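Survey of secondary and tertiary structure
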Amino acid sequence: MTDQTSPETLKSAARALLKEAALVAGEWVAAGPDAVEVEDPAEETILGRIPKLSGDQVSQAIAAAARAFPDWSGRKGKARGEFLHRWAELVARNEQGLAALISLENGKPYPEALGEVRYANSFISWFAGMAERLDGRTIDSANAQDLILAFREPVGPVAAITPWNFPAAMITRKAAAAFCAGCTVVLKPASATPFTGIALAALALEAGLPEGAFSVVTGAQDVVGGALTGSAAIRKLSFTGSTEVGRKLAAQCAPSLKRLSMELGGAAPLIVFDDADLDVAVEGTVAGKFRAGGQTCVCPNRVYVQKGLRDAFLEKLTAKVAALKVGKPFEDGVAIGPLIDAKGVAKVEDHVARTVAAGGTVLTGGARHERGGRFFQPTVIAGGDDALFCDEETFGPLVPVFAFDSEDEVLERANASDYGLAAFLFTDDLNRALRVGRRLEAGIVGVNSGLISNAANPFGGVKQSGFGREGSTYGIEDYLQVKSLTLALR
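What you are looking at is a predicted structure, and each value in this text was computed from that prediction instead of being measured.

**As for the packing of helix 3 (residues 77-93) against helix 7 (residues 195-206)**
Interaxial distance between helix 3 and helix 7 falls to 9 Å at its minimum, and their mutual angle equals 130°. Here helix 3 is positioned oblique relative to helix 7, judged by the angle of their axes. Relative to helix 7, helix 3 is oriented so that their crossing is right-handed. Contact residues: helix 3 offers F83, W87, L90 and V91, while helix 7 offers L200, L203, A204 and E206. In terms of residue class, the contact of helix 3 with helix 7 is built from 7 nonpolar, no polar and 1 charged.

**Brief notes about the sheet that holds strand 12 (residues 269-272)**
Spatially, 14-15-16-13-12-18-19 is the arrangement adopted by the 7 strands of the open sheet, whose pairing is mixed. Pairing within the sheet leaves two strands with one partner each, and these edge strands are strand 14 (361-364) and strand 19 (444-447). Here the average twist between neighbouring strands, direction ignored, is 25°. With 3 bridges joining them, strand 12 and strand 18 (residues 422-426) adopt parallel strand pairing. By the bridge assignment, V272 is partnered in strand 18 with F426.

**Description of the pattern of salt bridges**
For the structure on display, the rule yields 29 salt bridges. Across the pair E263 and R173 runs a salt bridge, and its minimum N-O distance is 2.8 Å. Placement of E263 in strand 11 (residues 259-263) and of R173 in helix 6 (residues 169-181) is noted, with a sequence separation of 90 residues between them. Judged on exposure class, the residue E263 and its partner R173 are both buried. A single salt-bridge network, built from bridges that share partners, covers R173, K174, E263 and E470.

**What about the pairing of strand 4 (residues 45-51)?**
Across 6 bridges, strand 3 (residues 35-40) lies against strand 4 in antiparallel orientation. Bridging across to strand 4, V36 finds its partner in I50. Hairpin connection of strand 3 to strand 4: 4 residues between the antiparallel strands, including E44 at a positive phi of 55°.

**Quick notes on the nonpolar core**
F83, L84, W87, F127, F179, F214 and I476 are the most contacted members of the largest nonpolar core, which totals 71 residues. Ranked by residue count, the leading element in this core is helix 5 (residues 110-130), at 11 residues. With residues near it in sequence (within four places) discarded, F127 still touches L84, R173, A176, A177, C180, G471, S472, G475 and I476.

**Focus: the layout of surface pockets**
If you add up the space inside the second largest pocket, you get close to 300 Å³. The wall of the second largest pocket is formed by 19 residues, among which R75, G77, R80, L134 and R152 lie closest to the centre. Counting only elements with at least two residues in the lining of the second largest pocket, the list comes to helix 2 (55-74), helix 3 and strand 6 (146-154). When grouped by side-chain class, the residues that make up the lining of the second largest pocket number 7 nonpolar, 4 polar and 8 charged.

**Considerations on the packing of helix 4 (residues 95-106) against helix 7**
How two helices pack is summed up by the angle between their axes together with the distance between the axes. Relative to each other, helix 4 and helix 7 sit at 155°, their axes nearing to 9 Å. Compared by their axis directions, helix 4 and helix 7 come out roughly antiparallel. Where helix 4 abuts helix 7, its residues L98, L101, I102 and E105 lie against F195, T196, A199, L200 and L203.

**Topic: helix 15 (residues 430-439)**
Within helix 15, the full set of buried residues consists of R432, A433, V436 and G437. The arc that holds the buried residues of helix 15, viewed along the axis, is 120°, so those residues lie on one side. Residues of helix 15 that are exposed and point more than 90 degrees away from the buried face comprise L430, N431, L434 and R438. Buried residues along helix 15 sit in contact with strand 13 (302-306), helix 14 (407-414), strand 18 and strand 19. The backbone nitrogen of N431 lies 2.9 Å from a side-chain oxygen of the residue at the head of helix 15, namely D429.

**Considering the pairing of strand 12**
In strand 12, alternate side chains face the same way, and those of P269 and I271 on one face and L270 and V272 on the other are all buried. Relative to strand 13, strand 12 runs parallel, the two being bridged by 4 bridges. Bridged to L270 within strand 13 is V303.

**Comments concerning unusual backbone geometry**
Positioned with a positive phi, E44 is a non-glycine residue whose angle comes to about 55°. The phi torsion at K463 lies on the positive side, around 55°, for a residue other than glycine.

**Details of empty space enclosed by the protein**
According to the stated counting rule, one finds 4 cavities of 30 Å³ or more in the structure shown. Considered as a void within the structure, the largest cavity measures approximately 60 Å³ in volume. P269, R302, A414, Y419 and E441 are, among the 16 residues lining the largest cavity, the residues nearest its centre. Going through the elements one at a time, strand 17 (419-420) and strand 18 are the ones with two or more residues in the lining of the largest cavity.

About the thresholds
Residues numbered from 1 in each chain as written. Predicted model: local features only at pLDDT ≥ 70, side-chain atom pairs only at ≥ 80, totals over all residues. Heavy atoms only, no water. Axes fitted to C-alpha atoms, helices over the stretch in contact; angles between N-to-C directions. Helix = DSSP H or I, 4+ residues; strand = E, 2+ residues; numbered from the N terminus. Parallel < 35°, antiparallel > 145°, perpendicular 65-115°, else oblique. Left-handed = near helix turned anticlockwise from the far one by under 90°. Contact = heavy atoms within 4.5 Å. Nonpolar A, V, L, I, M, F, W, Y, C, P; charged D, E, K, R; others polar. Pairing = 2+ DSSP bridges. Salt bridge = Lys/Arg side-chain N within 4 Å of Asp/Glu carboxyl O. Buried < 20%, exposed > 50% of the residue type's maximum accessible area, 1.4 Å probe, protein only. Core = buried A, V, L, I, M, F, W, Y, C linked by side-chain atoms within 4.5 Å. 1 Å grid on protein atoms, 1.4 Å probe; cavity = no way out; pocket = protein on both sides within 12 Å on 5 of 7 lines; lining within 4 Å. Points joined across faces, edges and corners; volume = space filled by probe spheres on them. Arc of directions from axis to C-beta. Polar contact = N/O pair within 3.5 Å; in protein donor to acceptor, adjacent residues only side chain to side chain.

Given below as structure tokens:
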């Protein structure tokens with residue numbers, strides 16, 4: 001790093017954005033004695049504290065969103081787009097500080113965190129461009145007399161509950177779509193990584209968002225989540241997180257028939273066929289698996305390699321993974337940071353032990369890192385039983401590799417999971433790519449790439465991985481409802 005981007009400079013920029021407060025109805029509520037502590041996972045020290053809001057305070061935020069909705073939804077798409085452009089400009093101007101803040105509270109290596117901020121900002125820019133294009137339709141009536149006008153209108157105030165693994169991007173792809181559509185937002189960021197979301201909200205206010213249109217509520221999940229799901233004023237809930245929690249939230253939303261978007265757990269298969277480019281397949285596997293230290297819902301959870309390429313693939317993959325540098329976020333050349341908490345480390349350790357017990361062989365890594373704390377060695381295991389990885393996300397730097405013979409066999413194994421968020425395949429046969437890609441039971445499929453997330457891609461899953469889409473031209477639809485106006489022509 002240069003002097004201008006030294007760790008001290010970056011950390012200083014992060015602390016300038018760090019606000020130990022929730023945003024309720026346009027007012028900042030400071031953390032009090034009964035606060036939630038937020039840790040730096042690399043240093044295992046307290047980074048800051050956030051308020052533990054009461055149900056009444058969350059209700060105040062909801063009421064403010066309802067009051068702000070008529071004004072915000074009544075503004076022309078051009079005005080909403082102009083706000084989003086200003087927000088994007090402010091995010092870009094503060095991208096180093098935001099990235100450093102992600103590194104401090106999440107543990108991601110700084111270059112990767114900077115990439116996340118830019119990815120997050122791409123959603124703001126994408127929906128800024130869409131705000132003027134939310135057109136309706138005219139429909140000729142079946143009776144050949146009436147004219148039907150179909151309008152697309154915002155659904156109302158929206159609740160967004162986001163996870164810790166992408167503290168910026170999981171917020172902007174929800175909030176930017178909501179603001180584009182004309183909705184107001186009450187956000188609950190993950191308690192492990194709240195400061196990035198709070199900073200993004202402060203920048204949104206600076207960009208001119210009306211008071212009350214964006215609140216950030218923090219505290220206990222049952223209190224905050226209960227208030228959000230129990231309020232009739234909230235018309236839609238967008239949630240990213242585990243399938244278990246998603247089921248509970250959906251049940252809580254049922255009495256008020258809220259519209260739901262659920263981006264839930266995954267167990268992504270990655271398939272490498274004999275005719276794949278070996279280097280492309282290895283690079284794609286490493287890029288997809290080790291982003292965020294393997295703590296993503298779309299990273300390959302299990303890798304299937306056709307037997308003719310298996311040995312060569314394992315040799316190259318193992319060498320590549322063994323060379324990945326583990327360290328703290330602001331150290332040069334670091335590819336893998338700490339896991340988010342001790343529970344995450346224990347889960348990876350458990351998956352290694354269970355795979356080895358089932359006949360797997362550790363080719364590199366396989367244990368806690370010598371640095372101690374929340375660091376784990378990047379790991380490759382060959383063989384064992386893939387059933388574990390069909391059912392459970394590792395959420396850590398472990399790649400289990402299994403051999404297969406035929407296309408039909410690997411499709412059966414790939415689709416054996418109850419989850420269906422992402423899947424990946426590597427082949428140089430276009431017909432196979434289309435054929436297998438269509439047969440994979442997943443909402444998003446990557447062909448010859450391990451990184452497929454971008455603002456133009458409709459992101460979401462099938463089966464127990466949820467429903468609804470985020471990003472792309474499809475991502476706005478869950479924030480809009482259709483109203484028809486019938487004109488009796490004479």
